[in-house]
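Observations on the model geometry
Given next are the chains, with one letter for each unit.
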Amino acid sequence: MTKKKDHLTNIPAIVPPTPQEIAKLREKADLYDQYLASYQEVQRMRNEQALTIEGLKSYIEEILLQVLEIEDDFGRAIDYATKGQNFEAVLAGLQPISDKMMHFLKKHGVEVIEAAGETFNPTCHQCLDPLPTLELDQLVVTKELRPGFRFGGKVLRKTIVEVQLKDKISVS
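These lines cover the structure that appears in this document, whether it is placed above or below.

Things to note about the pattern of salt bridges
For side chains of opposite charge, pairing can occur when their charged atoms come near one another. Here the structure, examined in full by the defined rule, presents five salt bridges. Arg44 is the salt-bridge partner of Glu48, the closest N and O atoms lying 2.8 Å from each other. Pair noted here: Glu48 and Arg44 are both in helix H1 (residues 19–83), with a separation of four residues, about one helical turn. A relative accessible area of 46% means that Glu48 is categorised as partly exposed. For Arg44, a relative accessible area of 39% gives the class partly exposed. The salt bridge partner of Lys100 is Asp73, with a shortest N-O separation of 3.0 Å. With a gap of 27 residues between them, Lys100 in helix H2 (residues 87–107) and Asp73 in helix H1 connect regions that are remote in the sequence. Among the residues examined, Lys100 registers a relative accessible area of 33% and is labelled partly exposed. One salt-bridge network, in which partners are shared between bridges, spans Glu41, Arg44 and Glu48.

Below you can see the structure in the form of structure tokens.
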């Protein structure tokens, strides 16, 4: 808007804006509205991210406390083992700790990879002995040396196994 002074009354006269000035003002107003909307979206995302991070920290703390309980159980078992010679009692005490750990893993979505008797699968099994140069589908897992685990469909750790050819396995 431009102002002109009226020479007779010395009062500034208001001149209406031109259509080009109106278009520029509308464009500036639209850009400002877009800026405000973007700013509000960024603030919303920051708040949401902060809540997500806090939720994850809480979840991790909960998991760590559960793992620490299991560690405490192991500590008590080790203390008991160093004080006496009753190894059967120590073994009996370790079994519930192992069961508690497996329950904890299952509770959090970790699954054991079953291997014994299965056809050898290199995506979830690992053989310590060199594999024969045969087709892998001819190998059967005969023994699990270390369990493997999956989480969310993804292999966390392969099962370490021993294998034999299918035709050499004795049926008892």
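Some remarks on H2
For H2, with 21 residues, the first-to-last C-alpha span of 30 Å sits near the 30 Å given by 1.5 Å per residue. The complete set of buried residues in H2 reads Val90, Ile97, Phe104 and Leu105. Buried residues of H2, viewed axially, fall in a sector of 95°; they line one side. Residues Glu88, Leu91, His103, Lys106 and Lys107 are exposed on H2 and point more than 90 degrees away from its buried face. Positive backbone phi, at 85°, marks Gly109, one or two positions downstream of H2.

Section: the side chain of His125
Positionally, His125 belongs in strand S4 (residues 125–127). In this structure His125 touches Ile113, Glu114, Ala115, Glu118, Thr119, Phe120, Val141, Lys158, Thr159 and Val161, once residues within four positions along its chain are discounted.

Points about a nonpolar patch on the surface
A cluster of nonpolar side chains, contributed by Tyr32, Tyr35, Leu36 and Tyr39, occupies part of the molecular surface with about 430 Å² of accessible area. Looking at the element boundaries, Leu36 is found in helix H1.

Observations regarding the pairing of strand S8 (residues 159–165)
Relative to S8, S4 runs parallel, the two being bridged by three bridges. Bridging across to S8, Gln126 finds its partner in Ile160. Looking at chain direction, strand S5 (residues 139–146) and S8 are connected through six bridges and run antiparallel. Opposite Arg146, over in S8, you have Ile160 as the bridge partner.

Reading the values: the criteria
Residues numbered from 1 in each chain as written. Predicted model: local features only at pLDDT ≥ 70, side-chain atom pairs only at ≥ 80, totals over all residues. Heavy atoms only, no water. Salt bridge = Lys/Arg side-chain N within 4 Å of Asp/Glu carboxyl O. Helix = DSSP H or I, 4+ residues; strand = E, 2+ residues; numbered from the N terminus. Buried < 20%, exposed > 50% of the residue type's maximum accessible area, 1.4 Å probe, protein only. Expected span 1.5 Å × (residues − 1). Arc of directions from axis to C-beta. Contact = heavy atoms within 4.5 Å. Patch = residues over 30% accessible without salt bridge, like charges linked within 9 Å, V, L, I, M, F, W, Y side chains within 5 Å. Areas by Shrake-Rupley, 256 points an atom, 1.4 Å probe, with all protein chains shown as cover. Pairing = 2+ DSSP bridges.

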